[in-house]
Amino acid sequence: MKKPGRYETLQSLIAGADWDRARDEEFDRHARGAFRDQYVRIPSYRAYVAHIGMDPERLEGWSQIPPVPASAFKTHDLSAATAGSEVAIFETSGTSISRPGRIRLGSTALYETSLLKNLKRHLLPDHARLPAIVFGPHREEAPQSSLWYMVDHMVKKEAKSGAWLVRDGVPRWDLADEILSEAASSNQPVLLLGTTLLYMAYFERLASMDRRFALPPGSRVMDTGGAKGLRTEFDRAEVEAAFADRLGIPSSHLVNEYGMAEMGSQFYDDNLVAAVEKRPREAGKRIPPWVRTRVLDPETLREVPDGKPGILVHYDLANLDTPLAIQTEDVGTRVGNRLTIAGRLPAAEARGCSLAFEQFVEAERRAGTKESR
């Protein structure tokens, strides 16, 4: 029998991961193996590792794997995929004055395995199969977005049906009104997937019209973005209050996601898991069993104890075509396997999947102001 390759081995590891049991020795073995593989297959990473004087054969543990700054994806090709052989190329979001980073993947198998395992755990812990309403574009309109790839794959594999509310870069609010009105009058719960800012833009519109939809119990939401240095930010209590007021969705069924294009894995609140398991929700986001996160002092780059804030560095076994160790510009704290995101480093560039939709919040606010005069 043919021995499984590293892709297949890691796919199997992630698919079978136990959320209640950390396997540190197993993670360490696979992380070191993946690092040695990446050292050979990614020339720019090999040059960086050599530059800092690291000998891969002397690596004593996964925490010694040199992390790549996320910003390096803007200036260097950090992919093992042969140019022209990619099945997906994702770009990081950013401002109009900066060049986006590029993440070239020769296979999406690991990414898809990781995203489905995580999404099903945190959004479908009751194994529900629901119609999905996407507050965003179809993947075909945004082929370089890892977020909309993730959402599209989720809808294909786990949803009863899908409706996308953004076309040609513009939200179709009338369609949203129509679909949510139908959902509210039926007894069919729905799954909403989208960015925090686009939801909030829609709620601004509903507020200006004094309109609400009471979605059936069991309806739920994944929202993402909104904490990465944008001009328009909302605190979590404000977002939760808006969903409860405008759509009748309680905070127990509102699940925030944190992710980045440079990583194959994401992090989620456990609100819905806690509700299904009838226990109090845990603070922060769950670090998947196939990911480890270190928190570093921004001045010394030494690891800080649990509960102390610092720069987040992730080690993700779902990254095989690109370096598994990523040093972010995000700040947060870790306690055990929980991660709390506090924002961005002061000088870091604003980024995030909500960036493209910030204008719609501002537009709805301006429209609401005019109507109230």
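Treat the numbers as computed from the prediction; the structure is a model and nothing was measured. (Residues numbered from 1 in each chain as written. Predicted model: local features only at pLDDT ≥ 70, side-chain atom pairs only at ≥ 80, totals over all residues. Heavy atoms only, no water.)

Draft legend 1. Expanded view of the overall build of the protein chain. Looking only at helices and strands, the protein chain has 10 helices and 15 strands in total. Within the span of the protein chain, comprising 373 residues, buried residues form 53% of the whole. A separation threshold of at least 6 residues defines the contact pool for the protein chain, and within that pool the share at least 24 residues apart is 71%. Counting every atom, the protein chain has about 16,900 Å² of accessible surface; 49% of that belongs to carbon and sulfur. (Helix = DSSP H or I, 4+ residues; strand = E, 2+ residues; numbered from the N terminus. Buried < 20%, exposed > 50% of the residue type's maximum accessible area, 1.4 Å probe, protein only. Contact = heavy atoms within 4.5 Å. Areas by Shrake-Rupley, 256 points an atom, 1.4 Å probe, with all protein chains shown as cover.)

Draft legend 2. Representation of the environment of Ser186 in the model. Structurally, Ser186 can be placed in the loop between α6 (173–185) and β7 (191–195). For Ser186, a relative accessible area of 32% corresponds to the partly exposed category. In sequence terms Ser186 and Leu215 are 29 residues apart; their C-alpha atoms lie 8.5 Å from each other. For Ser186, the side chain forms a polar contact with the main-chain oxygen of Ala183, separated by 2.9 Å. A distance of 3.1 Å separates a polar atom in the side chain of Ser186 from the backbone nitrogen of Gln188. (Polar contact = N/O pair within 3.5 Å; in protein donor to acceptor, adjacent residues only side chain to side chain.)

Draft legend 3. Inspection of the packing of aromatic side chains at higher detail. Evaluation of the coordinates by the stated rule reveals 14 aromatic pairs. Consider the rings of Tyr258 and Phe267, whose centres lie 5.4 Å apart with planes at 45°: the pair is tilted. With respect to class, Tyr258 is no different from Phe267; both count as buried. Each residue in the set Phe135, Trp173, Tyr199, Tyr202, Phe203 and Phe243 is aromatic and connected to the rest through ring pairs, giving one cluster. When the ring centre of Phe27 is taken as origin, the NZ or CZ atom of Arg292, which lies over that ring, is 4.3 Å away. (Phe/Tyr/Trp six-rings, centres within 6.5 Å; stacked < 30°, edge-to-face > 60°. Lys NZ or Arg CZ within 6 Å of the ring centre and 35° of its normal.)

Draft legend 4. Here's a closer look at the side chain of His153. When you line up the elements, His153 lands in helix α5 (residues 146–158). Residue classification places His153 among the buried positions, given a relative accessible area of 9%. Here His153 is in contact with Glu112, Leu115 and Leu116, once residues within four sequence places are set aside.

Draft legend 5. Representation of the packing of helix α4 (residues 109–123) against α5 within the structure. Running from N to C, α4 and α5 cross one another at 70°; their axes reach a closest spacing of 10 Å. As far as their axial angle goes, α5 and α4 are roughly perpendicular. For α4 against α5, the interelement crossing comes out right-handed. Between α4 and α5, the residues in contact are Tyr111, Glu112, Leu115, Leu116, Leu119 and Lys120 and Ser146, Tyr149, Met150, His153, Met154, Lys157 and Glu158, respectively. Residue classes in the contact of α4 with α5 are distributed as 7 nonpolar, 2 polar and 4 charged. (Axes fitted to C-alpha atoms, helices over the stretch in contact; angles between N-to-C directions. Parallel < 35°, antiparallel > 145°, perpendicular 65-115°, else oblique. Left-handed = near helix turned anticlockwise from the far one by under 90°. Nonpolar A, V, L, I, M, F, W, Y, C, P; charged D, E, K, R; others polar.)

Draft legend 6. Region of interest: the pattern of salt bridges. The final tally for this structure, using the stated rule, is 28 salt bridges. The shortest N-O distance in the salt bridge between Asp37 and Arg41 comes to 3.1 Å. Note that Asp37 and Arg41 are positioned in helix α2 (residues 24–41) at a spacing of 4 residues, about one turn of the helix. Judged by relative accessible area, Arg41 falls into the partly exposed class, the value being 30%. (Salt bridge = Lys/Arg side-chain N within 4 Å of Asp/Glu carboxyl O.)

Draft legend 7. View of α6. Spanning 13 residues, α6 covers 18 Å between terminal C-alpha atoms, matching the ideal 18 Å at 1.5 Å per step. Among all positions of α6, only Trp173, Ala176, Asp177, Ile179, Leu180 and Ala183 are buried. (Expected span 1.5 Å × (residues − 1).)

Draft legend 8. Looking closely at the packing of α2 against helix α3 (residues 43–51). Where α2 meets α3, the closest approach of the two axes is 6 Å, and the angle between their N-to-C directions is 105°. Relative to α3, α2 is oriented roughly perpendicular. Touching Phe35, Gln38, Tyr39, Val40 and Arg41 of α2 are Pro43, Tyr45, Arg46 and Val49, all from α3.

Draft legend 9. Representation of the nonpolar core within the structure. With 73 residues, the main nonpolar core has Ile65, Leu193 and Met222 as its most contacted residues. Per-element tally for this core: the top contributor is α5, with 7 residues. Excluding residues that lie within four positions of it along the chain, Met222 makes contacts with Leu119, Leu123, Leu147, Met150, Val151, Leu192, Leu193, Gly194, Tyr199, Val255, Glu257 and Tyr268. Counting residues in hydrophobic clusters, the runner-up holds 30 residues, among them Leu198, Leu206, Ala242 and Leu247. (Core = buried A, V, L, I, M, F, W, Y, C linked by side-chain atoms within 4.5 Å.)

Draft legend 10. Just the side chain of Lys285, in detail. Within the element layout of this structure, Lys285 appears in strand β11 (residues 285–286). Within the local environment of Lys285, its side chain forms a polar contact with the side chain of Asp269, the two groups lying 2.9 Å apart. If near-sequence neighbours (up to four positions away) are discounted, Lys285 is found in contact with Asn256, Glu257, Tyr258, Phe267, Tyr268, Asp269, Asn337, Arg338 and Leu339.

Draft legend 11. Up close: the environment of Thr9. With respect to the helices and strands, Thr9 occurs in helix α1 (residues 6–15). Residue classification places Thr9 among the partly exposed residues on the basis of a relative accessible area of 30%. On a C-alpha basis, the gap between Thr9 and Leu110 in space is 9.9 Å, while along the polypeptide they are 101 residues apart.

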